[in-house]
Amino acid sequence: GDFVIASRFGTTPTGAKAIQVPDGQVAISVSLSDPGRVGTFVTPGSHIVIYDTYQPPAGPAGAPGATKQTRVLLDDALVIAVGSTSLTPAANANANGQGQSSGALVTVALPPDAAAKLVHGIQTGTLYAGLRGIDTTANLAQIVSDSTLFNK
């Protein structure tokens, strides 16, 4: 006279979050070369500065734009995952090294407006990351180009 209920035959599987995104922020993944992500030194929990090298738009009346320029795109981005390694490790990560980073994907958590800047930079420029020190202040107004490279 009992009802057959699926939960009596085992536990109901639930999905596990692969990463934890802080409230009010968006997770964005960016592919960076090994030097562009400070080798293997960037880990989940690190804070990075993201630089963007891009071709500025053409000048007036179709004149060619200046040479490539580099500037700080984001001065403080929280790294929440590198490759498949995250701040909140997946429950099924095993001890034989699977789940460790071997790729060049870096996932950062950003406010939505900064996330839009990063997506645009991913689509239009070349990105490079720097590991941020505790008391580091990035100059958001600085633009480096061939003509300004050796100026003080």
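Starting afresh in each chain, residues are numbered from 1 along the sequence in its written order. The model is predicted, so local features are restricted to residues of pLDDT at least 70 and side-chain atom pairs to those at 80 or more, both for listing and for counting; the totals for chains, interfaces and linings are taken over all residues. Remark: hydrogens and water are excluded; side-chain values derive from all non-hydrogen atoms of the structure.

Comments concerning the overall build of the protein
Helix and strand counts for the protein stand at 1 helix and 7 strands. Buried, partly exposed and exposed residues are distinguished by accessible area as a fraction of the type maximum, computed with a 1.4 Å probe on protein chains only: under 20%, between the cut-offs, and over 50%, respectively. Relative to its full complement of 152 residues, the protein shows a buried share of 24%. Here a residue-residue contact requires only that any non-hydrogen atoms of the pair lie within 4.5 Å. Sequence-distant contacts in the protein: of pairs separated by 6 or more residues, those separated by 24 or more amount to 76%. Only the protein chains shown count as covering a residue, and every accessible area follows the Shrake-Rupley method with a 1.4 Å probe. As presented, the protein carries roughly 10,100 Å² of accessible surface, and 58% of it is formed by carbon and sulfur atoms. Under the scheme used here, helices are H or I runs from DSSP no shorter than 4 residues and strands are E runs no shorter than 2 residues, and both carry numbers assigned from the N terminus.

Structural notes on the environment of Pro112
Secondary-structure assignment places Pro112 in helix α1 (residues 112-124). Distance in space between the C-alpha atoms of Pro112 and Gln25 is 6.1 Å, their sequence separation being 87 residues.

Focus: the confidence of the model for the protein
pLDDT is defined as a per-residue confidence score from the predictor, taking values between 0 and 100. Per-chain confidence: the protein averages 81 in pLDDT, with 76% of residues scoring 70 or above. Here residues 92-103 scores under 50 on pLDDT; set against residues more than four positions off or in separate chains, the count is 10 contacts.

A few points about the side chain of Gln69
Mapped onto the elements, Gln69 comes out in strand β3 (residues 69-82). Residue Gln69 is classed as buried on the basis of its relative accessible area of 16%.

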